[in-house]
Amino acid sequence: MRAPLLLFERRHERLLPFRRFLRRLFRNGMIALVMVIVSLAIGIAGYRWLGGLGWIDALYNASMILGGMGPVASLEGKDAAKIFASLYALFSGVALLTSVAVLLAPIYHRFIHHFHLEVDEGRGKRADR
């Protein structure tokens, strides 16, 4: 049984109507947004308490690392904060790629599904079974 969160139509099923596709795209966009917000919150908390930065500086540093730009504030003499920053940078790379994949999955799936329907119809098979 498939998980409802990752529900995509199978190769032999009809292409999803456009309105339902937009709903799926919106849902995946919200999932990606929540992933980014949670990742940002982890970074803000780490920079705030381990790095001793203020809230705005913690937000700024976490946002810059999550966006792939790199750290801004210096963490001189704070080994725990440096270890956190290193781990957070690695986590951020994976989190950003994963959220983009979640966001683009419905578009990619629709394109590939449409392609398979055309191939099946070209071979004389019924694509709506």
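Here is a short report on the structure shown in this document. Given the structure is predicted, the values throughout are model-derived calculations rather than measurements. Every residue gets a number counted from 1 within its own chain, in the order that chain's sequence is written. With the structure being a predicted model, the display of local features is reserved for residues of pLDDT at least 70 and the display and counting of side-chain atom pairs for 80 or more, all residues being used for whole-chain, interface and lining totals. Note that water and hydrogens are dropped before the side-chain values are worked out from all heavy atoms of the structure.

**Thoughts on the environment of E9**
If you trace the backbone, E9 turns up in the segment before α1 (18-49). C-alpha separation for the pair E9 and R110, spaced 101 residues apart in sequence, amounts to 9.2 Å. Here a helix means four or more residues in a row that DSSP labels H or I, a strand means two or more in a row labelled E, and each is numbered from the N terminus.

**Considering the layout of surface pockets**
Definitions used for this entry: grid spacing 1 Å over protein atoms alone; cavity, a set of points where a 1.4 Å probe fits but cannot get out; pocket, an open set with protein on both sides within 12 Å along at least 5 of 7 lines; lining residue, one with an atom within 4 Å of a point. Grid points are joined across faces, edges and corners, and a volume is the space filled by probe spheres set on the points. Reported here for the largest pocket is a volume of approximately 270 Å³. Together, 13 residues line the largest pocket, and L7, E9, L16, R20 and R24 are the ones closest to its centre. Classifying every residue of the lining of the largest pocket by side-chain character gives five nonpolar, no polar and eight charged. Just so you know the grouping, Ala, Val, Leu, Ile, Met, Phe, Trp, Tyr, Cys and Pro go in nonpolar, Asp, Glu, Lys and Arg go in charged, and all remaining residues, Gly too, go in polar.

**Observations regarding a nonpolar patch on the surface**
Think of a patch as exposed residues, more than 30% relative accessible area, with no salt bridge, where like charges cluster within 9 Å and nonpolar side chains (Val, Leu, Ile, Met, Phe, Trp, Tyr) cluster within 5 Å. Reported accessibility uses the Shrake-Rupley method at a 1.4 Å probe radius. Residues are deemed covered only where the shown protein chains occlude them. Take a side-chain nitrogen of Lys or Arg and a carboxyl oxygen of Asp or Glu: if they are within 4 Å of each other, that pair is a salt bridge. Together, L96, V100, L103, L104 and I107 give the surface a local cluster of nonpolar side chains, amounting to about 380 Å² of exposed area. The residue I107 is located in helix α3 (residues 79-122) in this model.

**Notes on the packing of aromatic side chains**
The criterion for an aromatic pair is that two Phe, Tyr or Trp rings (for Trp, the six-membered ring) have centres within 6.5 Å, with stacked assigned to planes under 30 degrees apart, edge-to-face to planes over 60 apart and tilted to the rest. For the coordinates displayed, the defined rule picks out six aromatic pairs. Measuring from centroid to centroid gives 5.5 Å for Y47 and F84, while their planes differ by 85 degrees, and the two rings are edge-to-face. Placement of Y47 in helix α1 and of F84 in helix α3 is noted, with a sequence separation of 37 residues between them. Like Y47, the residue F84 is buried in the burial classification. A centroid spacing of 6.3 Å and a plane angle of 90 degrees characterise the contact between Y47 and Y88, whose relative ring orientation is edge-to-face. Taken together, the residues span a long stretch of sequence, with Y47 in helix α1 and Y88 in helix α3 at a distance of 41 residues. With a 1.4 Å probe rolled over the protein chains alone, any residue whose accessible area is under 20% of its type maximum counts as buried; one over 50% counts as exposed, and the rest are partly exposed. What makes Y88 buried here is its relative accessible area of 2%. An aromatic cluster is present here, built from Y47, F84, Y88 and F91 joined pairwise through their rings.

**As for the side chain of R110**
Positionally, R110 belongs in helix α3. The contact definition used throughout considers only heavy atoms, calling two residues in contact when any of these lie within 4.5 Å. If sequence neighbours within four positions are ignored, R110 has contacts with L15, L16, P17, F18 and F21.

**Side note on the side chain of R24**
The topology assignment puts R24 in helix α1. R24 gets classed as buried once you look at its relative accessible area, which sits at 9%. In contact with R24, not counting residues within four places along its chain, are L7, F8, E9, L16, P106 and H109.

**Points about the nonpolar core**
Residues belong to one nonpolar core when they are buried, are Ala, Val, Leu, Ile, Met, Phe, Trp, Tyr or Cys, and are joined through side-chain atoms within 4.5 Å. One finds L40, I44, Y47, A58, A62, L75 and Y88 to be the most contacted residues of the largest nonpolar core, which totals 13 residues. Listing elements by their share of this core, those giving two or more residues are α1, α2 (55-66) and α3. What L75 contacts, discounting residues up to four positions off in sequence, is Y47, G51, A81, K82 and A85.

**Structural notes on the packing of α1 against α2**
Describing two packed helices takes the angle between their axes plus the distance from one axis to the other. Axis lines are fitted to C-alpha atoms, over the contacting stretch for helices. Their N-to-C directions set the angle, which ranges from 0 to 180 degrees. It is the contact of α1 with α2, at a shortest axis distance of 8 Å, that shows an interaxial angle of 130 degrees. As far as their axial angle goes, α2 and α1 are oblique. Remark: the crossing between α1 and α2 carries right-handed chirality. Every residue of α2 that contacts α1 at V36, S39, L40, G43, I44, Y47, R48 and W49 is listed here: W55, A58, L59, N61, A62, S63, I65 and L66. Residues of the contact of α1 with α2, tallied by class, amount to eleven nonpolar, four polar and one charged. Orientation labels follow simple angle bins: below 35 degrees gives roughly parallel, above 145 gives roughly antiparallel, 65 to 115 gives roughly perpendicular, and whatever is left gives oblique. For any helix crossing, the convention is left-handed if the near helix is rotated counterclockwise from the far helix by under a right angle, and right-handed if that rotation is clockwise.

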